[in-house]
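Fold and geometry: a report
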Amino acid sequence: RSYSSSEGSFHESTIDSAISKIMAALPRITRELLEVDSEKISVESRKATDVGDLINRLYQAILNTKQLRMNYYSYSRDSISERTVDPYALTFRRRAWYLIAHCHTRNEVRMFRANRIKTLDYTSETFSYPSDFSLTDYMGNSWQSMRGKGEETEVVVKFDARIAPLIKEVDWHPTQRIEDLPDGSILYTATVPETKEISLWILSYGYRAEVISPESLRTEMAAEAEKMCQRYEKS
């Protein structure tokens, strides 16, 4: 097994132990299927940003409740700042590792993308892990990794009949609802804390997807489509 070449390296002995327990609990036929030659069964993996050693250090800090000091690059502000954080959890989303930690600079729990941590050191302090913290509750109904701070938004998208079967065969979001329409198209509804990530997902289906509501997102998508037309326009 190669952990660093696929979904980011992690604490290898911990993963080996977990895999062994899972394999032992599987039915015999399933276990034999997973143990066959890798050329016969393949699971697609795409290389994540290589932060293996960093993830190991973060993992140890979480286990031992060690406070950390780090220099972190903010993409939105295009700047590096020093942060003192209490590390709570690690999560892997959209081919990237994220650290969930209480940030003493902002005095709130924040999400940090691991590959944007430029330097990392232990302080001499430890912290008490909050008994009421839940990673599931923290992430809420985020589409993938972005969390909104305002009210959640119900997004309704119409997918045409050609693409509808592909949408219906996947559980994209825990709040999703799908309504079949007479012409074979569907109305897809999900409630998300922010619309940036779901808008990128919708755009990936091109003209076969149409935002019905909210109106603000529909307007935003129309503007994006117009920009794309301008990009491809012949001079």
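Residues numbered from 1 in each chain as written. Predicted model: local features only at pLDDT ≥ 70, side-chain atom pairs only at ≥ 80, totals over all residues. Heavy atoms only, no water.

Topic: the pairing of strand E3 (residues 96-103)
Across the eight residues of E3, eight count as buried, placing the element largely inside the fold. Neither face of E3 is exposed, since Ala96, Tyr98, Ile100 and His102 on one face and Trp97, Leu99, Ala101 and Cys103 on the opposite face are all buried. Where E3 lies against strand E4 (residues 108-113), six bridges are found, and the strand directions are antiparallel. Across the sheet, Leu99 pairs through a bridge with Phe112, a residue of E4. (Buried < 20%, exposed > 50% of the residue type's maximum accessible area, 1.4 Å probe, protein only. Helix = DSSP H or I, 4+ residues; strand = E, 2+ residues; numbered from the N terminus. Pairing = 2+ DSSP bridges.)

A look at helix H6 (residues 196-203)
The set of residues buried in H6 consists of Glu197, Ile198, Ser199, Trp201 and Ile202. Each element contacted by the buried residues of H6 is listed here: strand E6 (153-159), helix H5 (164-168), strand E8 (186-192), strand E9 (209-213) and helix H7 (215-232). (Contact = heavy atoms within 4.5 Å.)

Quick notes on the pattern of salt bridges
Taken as a whole and assessed by the stated rule, the structure comprises five salt bridges. Note that Asp160 and Arg208 form a salt bridge whose closest N and O atoms lie 3.0 Å from each other. A residue pair is termed long-range when its members are at least 10 positions apart, and Asp160 in the loop between E6 and H5 and Arg208 in the loop between H6 and E9 qualify at 48 residues. The exposure class of Asp160 is partly exposed, given its relative accessible area of 22%. Here Arg218 and Glu210 are joined by a salt bridge, their closest N and O atoms 2.9 Å apart. (Salt bridge = Lys/Arg side-chain N within 4 Å of Asp/Glu carboxyl O.)

As for the sheet that holds strand E1 (residues 66-74)
Across the sheet, five strands lie side by side as E4-E3-E2-E1-E5; this open sheet has antiparallel pairing. Both edges of this open sheet fall to E4 and strand E5 (117-126), since each of them pairs with a single strand only. Across this sheet, the average inter-strand angle for adjacent strands is 45 degrees, counted without regard to direction. Sheet topology places E1 next to E5; six bridges connect them, and they run antiparallel. The residue bridging Leu68 from the neighbouring strand is Tyr122, located in E5. (Axes fitted to C-alpha atoms, helices over the stretch in contact; angles between N-to-C directions.)

A look at the confidence of the model for the protein
Per-chain confidence: the protein averages 81 in pLDDT, with 73% of residues scoring 70 or above. Ranking the elements of the protein by mean pLDDT puts helix H1 (residues 12-25) last with 61 and strand E7 (residues 177-180) first with 95. The low-confidence segment residues 1-9 (pLDDT under 50) makes 26 contacts with residues lying over four places distant or belonging to another chain. (pLDDT = per-residue confidence, 0-100.)

Notes on the environment of Ser134
By the element assignment, Ser134 lies in the loop between E5 and helix H4 (135-139). Here the alpha-carbon distance between Ser134 and Tyr88, two residues 46 residues apart in the chain, equals 9.3 Å.

What to know about unusual backbone geometry
Looking along the chain, the bond that leaves Ser213 and enters Pro214 is cis, with omega of 5 degrees. By the secondary structure assignment, Pro214 is in the loop between E9 and H7. Non-glycine residue Asp78 carries a positive phi angle of around 50 degrees. Topologically, Asp78 is positioned in the loop between E1 and strand E2 (79-93). One non-glycine residue, Asn107, lies in positive phi territory at about 55 degrees. Within the secondary structure, Asn107 sits in the loop between E3 and E4.

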